[in-house]
There are 2 protein chains.
Amino acid sequence: MKKYTYLVLGLLGFAALLTSCGNGNQGKSSSGALNSSNAEKVYVAPGEHDEFYAFMSGGYSGNLTVYGLPSGRMFKEIPVFSQFPTSGYGYSEETKPMLNTSHGFVPWDDSHHPDISQTNGELDGRWIFINGNNTPRIARISLSTFETEEIIEVPNSAGNHSSSFVTENTEYVVAGTRFSVPIPQRDMPINQYKGNFQGSLSFISVDPEHGHMDIKFQIIMPGFNYDLSHPGRGKSHGWFFFTTYNTEEASTLQEVNSSQNDKDFIAAINWKKVEEYVNNGGGTKMPANYAHNVYDESTHTATTTMKKEVVTVNPLDVPGAVFFLPTPKSPHGCDVDPTGQYIIGNGKLSADLTVHSFDNMMAAIEGKKFDGEAYGIPILKFEEVLAGTVKSGGLGPLHTEFDGAGNAYTTFFISSEVVKWKLGTWEVIDRKPTYYSVGHLMIPGGNSRKPFGKYVVALNKITKDRYLPVGPEMEHSAQIYDISGDKMELLYDFPTHGEPHYAAGIPAELLAPKSKKFYKLADNKHPYATLGAADAKVVRDGKDVHIYMSTIRSHFTPDNIEGVKVGDKVYFHITNQEQDFDVPHGFAVIGANNSELLIMPGQTKTLVWEPKQVGVWPFYCTDFCSALHQEMQGYVRVSPANSNLELSWSLGD
Amino acid sequence: MKKYTYLVLGLLGFAALLTSCGNGNQGKSSSGALNSSNAEKVYVAPGEHDEFYAFMSGGYSGNLTVYGLPSGRMFKEIPVFSQFPTSGYGYSEETKPMLNTSHGFVPWDDSHHPDISQTNGELDGRWIFINGNNTPRIARISLSTFETEEIIEVPNSAGNHSSSFVTENTEYVVAGTRFSVPIPQRDMPINQYKGNFQGSLSFISVDPEHGHMDIKFQIIMPGFNYDLSHPGRGKSHGWFFFTTYNTEEASTLQEVNSSQNDKDFIAAINWKKVEEYVNNGGGTKMPANYAHNVYDESTHTATTTMKKEVVTVNPLDVPGAVFFLPTPKSPHGCDVDPTGQYIIGNGKLSADLTVHSFDNMMAAIEGKKFDGEAYGIPILKFEEVLAGTVKSGGLGPLHTEFDGAGNAYTTFFISSEVVKWKLGTWEVIDRKPTYYSVGHLMIPGGNSRKPFGKYVVALNKITKDRYLPVGPEMEHSAQIYDISGDKMELLYDFPTHGEPHYAAGIPAELLAPKSKKFYKLADNKHPYATLGAADAKVVRDGKDVHIYMSTIRSHFTPDNIEGVKVGDKVYFHITNQEQDFDVPHGFAVIGANNSELLIMPGQTKTLVWEPKQVGVWPFYCTDFCSALHQEMQGYVRVSPANSNLELSWSLGD
C-alpha cells in the first residue's frame, strides 16, 4: 500500500520548492571560462541559423510554439486550439470553424504533447500533431505552412491527456482518456464511479497522402485514468502502451485516494489485432456527435462536419489484444526506447524506474503468466515482464527520452533533476539539477527509432528567480544541456511561452528547405477572392454587404466606400495581392467587435463588422509593410438604417 | 512639391526589400573571435539576470511583451487590448470589462507606443502606458504586478497613433488622432473631407497617487494626420510636439495624394497654457460616450464606467498655445533630445533629418516670425526655427533616440540602417545596417532626460531569412547593438512576438526589487472569494449557480458537485489559497465556451459555464503545480432541466 498521507504530500510539494530554490545558487556558476564556452555553444550569430527546430506545446495557451535550438529563441506561436487575436485565428470567418465542437464554439484548450509524423519510425517532418486536453481534440499542423490544418474532436473522452502520439508509419495518432466518464454520458451519481465510469483509447487513422484524420475505433477500457502513452517501434511495432493511475477508481480527493494501490498498470494494446478485428466488421457502431474541422489551403477556409457515429470495441471481444503490466506507484510517463525493446514506466511517487521488456511481455503472454485480471483483462505477472529497475536516487520520476547511443534521460519533478542512465545495465551515469521541478524533457527525435542526441531540453514547471521578476505571473522555463559528452552540461536557461508541457525536436535541414514562402494567387479558390484590383467591388445582399477588397503596397482597392447603413453586416473579404515572402498585410476597422486580419501573400481573409453608429469610419493596414504604410488606409461611410444612399466605392477618384 | 509617383513609390518598396536581402550576407560575420566576444556580451548565464527590462509593444497582438536585455529573452506577454486565452484575460468575469468600449466589447487592438512614467523627466518605474490604435484607447499597466490596471477610451479620435507619451512628471499621457474624422461623427460624403474632418489631440491627466486617468481636454485641430509625438523636457517642459502628414487633407489614395506637399508640420502645443485656460473655465463641454475601465487589485475585478462628456478646446481660443513648424516630406518620428532643446522631425520620404531648436522657436514666436497660417494657426518660418539639418546619406528616416552623451541614433526604413550622429554639429559618426527595414529603435531611457546609453535595439519590420523559416508568417525581428564605444556593434538578432512597434527600456534595478510576488489572501475583497476551504459552498439563485471554490496543492474544495441542471449558468469562483511566489493554479471544465482561468496566489477568478448536455463532467487544474497535479480534478453532475436533484457538494466523502 502507498503510505503517503494528505499531510506528507503537502509537505513534499513544499519541500520540493524549498530544495529547488536552495539549489539556485548552484546554477550561478560564474567561472568565466566555462561561461564563455557555454555562451559560444548557444550563440547563433546574426545571419546564421539554429541547428534544430523545437516545437513546444503551449500547454494552457492552447497553441504550439516554435523555437530554435541551441539559441532558445521563439520563432512563432502557431494558434491551434485557442483564439489568437494577433492573426485573427478563431475570429475571421475562415478560421472560426476550426474551433467548433459538439459543445459549440470553444475558444481555448490545453495543448500537451506534440508529436511529429514518422515513416519507418523516423521523423519525416510532414506534420505535427497535438492534443487538446480539456475538450478532447487532436490537431494536425502542416510543417510546410506551419498552420493548423485539421482538428478532430474525440467523443467518449475527457481530459484527453495520453495523446497525441503516432505509430511508426503514422498509421494512427492515438488519444486516451485521462478522466473516465460514463460512456455514453448520462445523469448518474458521481460516487457510483467505480465499475460504471470508463475510459476510451482512440485510434485515429491518418490518410498517408493528405494527413486527414478519422477515428478508426475506440477501445472502451475500465474506468482508470490513462495518463500517457507511446507507440511500440521496431520489434514492438503494432503495439501501443498507456500508463494508468487511479486504478483505485476513486472519484474524490484523488491526491489521496488515487495513491493507495502499490502498483497501477501499463496497458499494452495490440492495435494491429484490433484493427484487423474492426476491418472484419468487429466493433459496435455507437451514436456520437463530434466535430471534424478541416482547413483547405486552396480556399483558405475551414469547414466543420459533425460526425454522428463512432466504432467502439470491447477489449474482451478481441482476445490477445489488451494486457495490463503492473507498474509501481502511479506511473506517469510511458516511454519506449529506440529499439522498441524497453517500455519504461515512471512511478511518480517512486524513486525507482520500472523497465519492462517487450520480449518478456510476449513470452508472458505466450505462457499465460497471468496474475489475475481486471474487468476481464489479463494482468501479466510483474516479475515476468520486468527487464530491470533503475535505482535512481531521485524522487518523482516523470519522463524519459533517449539519445540513440544506448542512454536514457529521466526527469525527476520532486528532486528537480535529470538523470542519465544506461539501457540494459540500468546504471546511473550522470545527474544534473534543473531549475525548478522539471516535467517533460526533449531530445530531438527522442521519441523515434532515430534520436539526434546532441541536446536535451528540460521543461521546467516552476520558474521563481530564474529571470528578472515580472509580477506574480511568470513564464515557465526551459534549460538546454549539451549531451554530446559523457556528462550533461547545462548551457542556458530560456523562458517558454505558455506551459511547455512537452516538445518535439527535429534537425533544421529536414524542415527548412520545404517551408512555404507564400501562397500562389493563381491557386486561390476562395469564393470571395479579389484576384486583381479591377475585380474589387461591393455587393449588397439584403443586410449583408460583401466588400471584395484587394491590397498591395501601399493601398486598398477600394479605399472609399459609401452606402453602408447601420444594421448592416459588412464582410470585408481582403485578398493580399503580394507574391513575395514576408509581405503580409493587416486589416482593421475601428470599433469592430473582432480582431484584426493578418493576410499572407496570395491569401483571402474575411472580417465581419456590424457598424452601430452613423459616421465616417477608418480602416487601415496593421502590418508595417512599406515606407508608405502609414498612408495605407480608407474610409467607410455609415448612413442611418433608413438611408437611400446607394453603394459606391472608389480609389483615387 | 514632392515628385514621387505611384509607380516610384511601389518600386521604392520593392527596392528596399531587395537591397535588404542583398545585405543579408553582411550579417553573417563569422570571424570566430568577434563572435566569441559578442556571444559573451549577450549571454546571461543560468541563475544570473539581465541588465535591463525592455517593454515591447505587441503591435497587432494588442499586448505588451517584456524582454530582458542583452539576452533578448521574452519573460512575459502582458495582455492589454486583446483577449488572452492563456490567462483568461477578456474571458473571465473579472477581466471582461477591461475590453468594453462605446462600440461594445472589442477583443483586440493594435498597441504601439509604450512609455514608462517619469518624475522630473527621469523614468520612475511606476507604470507603463500604451495606446490602442484602432479603437482609440490608452492603457496603464502596473510595473509592480505587470498587469493592466486601467483602459480609457478616447472619443473624437481614430487611429490613435501619436500616443501614449507622458509629460515630464507624468502630469499627462497624450493621445493624438492619426485619421481625422467628422467631429462629432456624422453621415457625410468622404470626398468632403477637406475642411470638414478634424483631428483631436487629447491630454489625459494621470492621478499622481494611483495613476487613474481622466481626459482633461481635447484640442480640436485641422484635419491632418497626427502621426507621432513627444513631450518637451527641461527647458521645453510644458510643450508637446506632434508630427503631421496629409496636410493636403486627401481622403483617397493617400500613398500618392498625401505626399504632394514639400513640407508638412510639427504641431507645437503649449499644454500648460491650455491647461490654465481649461482650469479657468475655458473649453466646451461636448457630449460624448466613452468607456473607462478600471481594475481593482483588492477585488481582483474590473468595472466599466461610461463617460458622457469631454472638454474640447478650439486652438484659436487660446492664443499663443498652438503653432506649426514646417518640416519636410511627411515627417513621421518626432523626437526631443534629453536637454529639451532639439526637436527632430524625420521626413520619411527624405534623406535628411530636420532639427528644430526650442530656443529658436520661442524667439520666432516672440518675434512673430510667421509664414502665414493654417486654419488660423500660425505657421512659424522654417528658417527661423531650424537648428540644423543632418545630411544622413540614408533614405526613409523614421525615429531617433539618444544616448545621453550628446549622440542621436536615427533609423532608416528604406536604406535599412541605424545612423549615429552628433547633436549640435549634425555630423554623422557611424552607420550600421539592420536586417531588415527598421522602424523604431530603443535605448533604455532614450525618451527621457536620463538615457542609459549602453545598448540600442533596432525593431525591424521585415524578417525574411534571419531565422529558420516557419512558413509564410514570420515573427518580426529585433537586433541589439552595443553603443558603449564610438562605433555601434551588432551583437545579436532575436525575434519579437507580435509587432514590436516601439519599446521602452529601464535598468533592472529600478523595477526588480518592487515586483509583487503574490497577492495577500487577507486583502482579497472579491465578493465571491473563498478565503478558507471551510467557506466553500454552492448557492443557487434561480438559474444561476455560484460555486465558491478554493484551491490549494493538490485539490479543489469542493471536488464533487451535484444538482446542476441543463440551462443553468454556472459561475465557478475560484480562490487560490497559496501564499507563495509562482504557485498559480489553473481551472478548466470540459466543453466551456470560454478560456481557462489562471489564478495567482491570493486571487479569485470566475469562469462561466453553461452546460448543454446531461452527464458527469470533469474539471481540473491546468497549471502543473505539484507532484500530484494530475490528481487535481473534480466532477460536476449535470441533470436534466426538469430534475429535482438538490445542490450538494463534497470533498473526500
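Quick caveat, the model's predicted, so the values are computed rather than measured.

Asker: Sorry, what's going on with the overall build of chain A here?
Answerer: The helix and strand inventory of chain A stands at seven helices and 46 strands. The C-alpha atoms of chain A give a radius of gyration of 27 Å, which matches the 26 Å a tight globule of 653 residues would have. Projecting the C-alpha coordinates of chain A onto the three principal axes gives extents of approximately 85 × 65 × 45 Å. A separation of at least 24 residues holds for 63% of the contacts in chain A among residues at least 6 apart in sequence. Total accessible area on chain A is roughly 18300 Å²; 51% of this is exposed by carbon and sulfur atoms. Taken together, the 53 basic and 73 acidic charged side chains of chain A have centroids lying 3 Å from each other.

Asker: Looking at this structure, I do not really get the pattern of salt bridges. What am I missing?
Answerer: Two side chains carrying opposite charge are able to pair once their charged atoms lie near each other. For the structure on display, the rule yields 54 salt bridges over all chains. Salt bridges sharing partners connect three or more residues here, namely Lys41(A), Asp482(A) and Glu489(A).

Asker: Hey, could you run me through the environment of Asn280(A) in this one?
Answerer: Residues and elements named next belong to chain A. Note on placement: asparagine 280 falls in the loop between α4 (271–279) and β18 (284–296). Owing to a relative accessible area of 64%, asparagine 280 belongs among the exposed residues under this scheme. Sequence separation between asparagine 280 and aspartate 317 is 37 residues, and the spatial gap between their C-alpha atoms is 13 Å.

Asker: In this structure, what is going on with unusual backbone geometry? I would like to understand it.
Answerer: Generally, phi is negative for residues other than glycine and the peptide bonds are trans, each holding for most cases. Omega for the peptide link from Tyr435(A) to Tyr436(A) comes to -15°, which places this bond in the cis form. Within the element layout of this structure, Tyr436(A) appears in the loop between β30 (428–433) and β31 (438–442). In the segment running from Arg553(B) into Ser554(B), the intervening peptide bond is cis, with an omega of 0°. When you line up the elements, Ser554(B) lands in the loop between β37 (544–552) and β38 (555–557). A positive phi angle, close to 65°, is found at Trp426(A), a residue other than glycine. Mapped onto the fold, Trp426(A) is located in the loop between β29 (417–422) and β30. Look at Ser416(B): it is not a glycine, yet its phi comes out positive at around 55°. Here Ser416(B) is to be found in the loop between β28 (407–412) and β29 (417–422).

Asker: Please clarify how the relation of the copies chain B and chain A should be interpreted in this entry.
Answerer: Copy one and copy two of the chain differ by a rotation about a common axis and a shift along it. Of the two same-sequence chains, chain B is brought onto chain A (RMSD 0.0 Å, axial shift 0.0 Å) by a rotation of 180°. Taken together, the rotation and translation relating the two chain copies correspond to the operation of a two-fold axis. Within chain B, Ala39(B) has its C-alpha nearest the rotation axis, a separation of 2.7 Å. Of the interface residues in chain B, 100% have counterparts in chain A that sit at the interface too, so the contact is made through matching surfaces.

Asker: I keep staring at the environment of Met600(A) and nothing clicks. Help me out?
Answerer: With respect to the element layout, Met600(A) can be found in the loop between β42 (597–599) and β43 (604–609). Each C-alpha atom, one on Met600(A) and one on Gln577(A), is 9.0 Å from the other, the two residues being 23 residues apart in sequence. Those residues in contact with Met600(A) that sit more than four places away from it in its chain are Tyr519(A), Asn576(A), Pro584(A), Pro472(B) and Glu473(B).

Asker: Would you mind going over the sheet that holds strand β3 (residues 73–78) of chain A with me for this structure?
Answerer: Strand pairing in a sheet relies on backbone hydrogen bonds. The paired strands run either parallel or antiparallel. Residues and elements named next belong to chain A. Within the open sheet, the four strands sit side by side as β3-β2-β1-β35. Their pairing is antiparallel. Strands at the two margins of the open sheet, each flanked by one partner only, are β3 and β35 (503–507). Averaged over all neighbouring strand pairs, the angle between strand axes comes to 20°, with direction disregarded. Alignment of strand β2 (residues 64–69) against β3, held across five bridges, turns out to be antiparallel. When the bridges of β3 are listed, valine 66 appears paired with lysine 76.

Asker: How should the state of the cysteines be read in this particular structure?
Answerer: By definition, a disulfide links the sulfur atoms of two cysteines through a covalent bond. Per the stated rule, a full pass over the model turns up zero disulfides over all chains. Of all cysteine sulfurs, the one in Cys621(A) lies closest to Cys625(A), which takes part in no disulfide; the gap is 4.1 Å.

Asker: Mind showing me how you'd approach the interface of chain B and chain A here?
Answerer: When the parts of a complex come together, some accessible area is lost, and that lost area is often used as the size of the interface. In this complex, chain B contributes 171 residues to the contact, which on the side of chain A involves 171 residues. The tally of links between chain B and chain A comes to six salt bridges. We note a salt bridge from Glu631(A) to Lys348(B), for which the minimum N-O separation is 2.7 Å. For the side of chain B that touches chain A, the class distribution of residues is 77 nonpolar, 57 polar and 37 charged.

Asker: Where do I start with helix α5 (residues 271–279) of chain B in this structure?
Answerer: Each full turn of the α-helix corresponds to 3.6 residues, which orients residues three or four apart in the same direction. Residue and element names in this part refer to chain B. Turning to α5, its buried residues number three or more, namely Trp271, Val274 and Val278. For α5, the arc enclosing every buried residue in end-on projection is 60°, short of the 170-degree limit, so these residues lie on one face. Taken together, the buried residues of α5 touch β11 (172–176), β13 (197–206), β14 (213–222), β16 (239–245), β17 (263–270) and β19 (301–313). Just downstream of α5, glycine 281 is the residue with a positive phi angle, here 95°.

Asker: In this structure, what is going on with helix α6 (residues 358–366) of chain B? I would like to understand it.
Answerer: Residue and element names in this part refer to chain B. Three or more residues of α6 are buried, namely Phe358, Met361, Ala364 and Ile365. Each buried residue of α6 sits inside an arc of 120° when the element is viewed along its axis, so together they form one side. Structurally, the start of α6 carries an N-cap: the backbone nitrogen of aspartate 359 is 3.2 Å from a side-chain oxygen of serine 357. Within two residues after α6, lysine 368 carries a phi angle of roughly 50°, on the positive side.

Asker: For this particular structure, what's the right way to read the packing of aromatic side chains?
Answerer: Geometry of an aromatic ring pair is reported as the spacing of the ring centres plus the angle between the planes. Counted according to the given criterion, the structure contains 72 aromatic pairs over all chains. In this structure, Lys517(A) is placed above the aromatic ring of Phe581(A), and the distance from its NZ or CZ to the ring centre is 5.3 Å. Between Lys537(B) and the ring centre of Tyr548(B), over which it is positioned, the NZ or CZ distance is 4.6 Å.

Asker: Can you help me understand the pairing of strand β23 (residues 352–357) of chain A in this one?
Answerer: For a regular strand, side-chain orientation follows a simple rule: the groups alternate between the two sheet faces. All names here are of chain A. Buried residues dominate β23, accounting for five of its six residues. Inspection of the sheet shows strand β22 (residues 342–347) paired to β23 by five bridges, in the antiparallel sense. When the sheet's bridge partners are listed, glycine 345 is paired in β23 with threonine 354. In sequence, β22 turns back onto β23 through a hairpin of four residues. Relative to strand β26 (residues 386–391), β23 is paired through five bridges, and the arrangement is antiparallel. Along β26, the bridge assignment pairs leucine 353 with valine 390.

Asker: Help me out: how do you make sense of the pairing of strand β36 (residues 537–541) of chain B in this one?
Answerer: Across five bridges, β36(B) lies against β37(B) in antiparallel orientation. Bridging across to β37(B), Arg540(B) finds its partner in Val545(B).

Asker: I would appreciate a short explanation of the environment of Gly176(A) in the present structure.
Answerer: All names here are of chain A. Locating glycine 176 in the fold gives a position in strand β11 (residues 172–176). Given a relative accessible area of 0%, glycine 176 falls into the buried group. Taking the C-alpha atoms as reference points, glycine 176 and threonine 243, separated by 67 residues in sequence, lie 10.0 Å from one another. With residues up to four places along the chain from it excluded, the contact list for glycine 176 reads Gly159, Asn160, His161, Ser162, Ser163, Ser200, Leu201, Tyr226 and Phe242.

Asker: Looking at this structure, how should I read the sheet that holds strand β33 (residues 476–482) of chain A?
Answerer: Residues and elements named next belong to chain A. Ordered by their spatial adjacency, four strands build an open sheet running β31-β32-β33-β34, and the pairing between neighbours is antiparallel. The sheet terminates laterally at β31 and β34 (489–496), the two strands that pair on one side only. Geometrically, the sheet is characterised by an average inter-axis angle of 25° between neighbouring strands, direction not taken into account.

Asker: Whenever I open this one, the confidence of the model for chain A confuses me. Can you help?
Answerer: Reading predicted coordinates in detail is not appropriate for stretches of low pLDDT. Residue and element names in this part refer to chain A. Taken residue by residue, chain A gives an average pLDDT of 94. The fraction at 70 or more is 94%. Contacts from residues 1–32, a stretch scored under 50 in pLDDT, to residues over four places away or in other chains number 58 contacts. If you check the scores for this complex, the pTM reads 0.96 and the ipTM reads 0.95.

Asker: Even after reading the chapter, I still don't get the side chain of Arg233(B), so can you show me in this structure?
Answerer: Residues and elements named next belong to chain B. Mapped onto the elements of the fold, arginine 233 is located in the loop between β15 (225–231) and β16. The charged side chain of arginine 233 is buried without a salt bridge, its nearest counter-charge being glutamate 168 at 5.4 Å. At 2.6 Å, the side chain of arginine 233 and the backbone oxygen of valine 336 are in polar contact. Once residues lying within four places of it in the same chain are set aside, the contact partners of arginine 233 are Glu168, Val336, Asp337, Pro338, Thr339, Gly340, Asn447, Ser448 and Arg449.

Asker: Is there a simple way to explain the side chain of Glu631(A) in this structure?
Answerer: Topologically, Glu631(A) is positioned in the loop between β44 (615–620) and β45 (633–639). Residue class for Glu631(A) comes out buried when judged on its relative accessible area of 1%. Apart from the residues within four sequence positions on either side, Glu631(A) is in contact with Ser554(A), Tyr245(B), Gln254(B), Glu255(B), Ser258(B) and Lys348(B).

Thresholds applied
- Residues numbered from 1 in each chain as written.
- Chains lettered and ligands numbered in written order.
- Predicted model: local features only at pLDDT ≥ 70, side-chain atom pairs only at ≥ 80, totals over all residues.
- Heavy atoms only, no water.
- Helix = DSSP H or I, 4+ residues; strand = E, 2+ residues; numbered from the N terminus.
- Rg over C-alpha atoms; globule rule 2.2 N^0.38 Å.
- Contact = heavy atoms within 4.5 Å.
- Areas by Shrake-Rupley, 256 points an atom, 1.4 Å probe, with all protein chains shown as cover.
- Lys, Arg positive; Asp, Glu negative; His and termini not counted.
- Charge placed at Lys NZ, Arg CZ, Asp CG, Glu CD.
- Salt bridge = Lys/Arg side-chain N within 4 Å of Asp/Glu carboxyl O.
- Buried < 20%, exposed > 50% of the residue type's maximum accessible area, 1.4 Å probe, protein only.
- Least-squares fit on C-alpha atoms with pLDDT ≥ 70 in both.
- Pairing = 2+ DSSP bridges.
- Axes fitted to C-alpha atoms, helices over the stretch in contact; angles between N-to-C directions.
- Disulfide = S-S within 2.5 Å.
- Nonpolar A, V, L, I, M, F, W, Y, C, P; charged D, E, K, R; others polar.
- Arc of directions from axis to C-beta.
- Polar contact = N/O pair within 3.5 Å; in protein donor to acceptor, adjacent residues only side chain to side chain.
- Phe/Tyr/Trp six-rings, centres within 6.5 Å; stacked < 30°, edge-to-face > 60°.
- Lys NZ or Arg CZ within 6 Å of the ring centre and 35° of its normal.
- pLDDT = per-residue confidence, 0-100.

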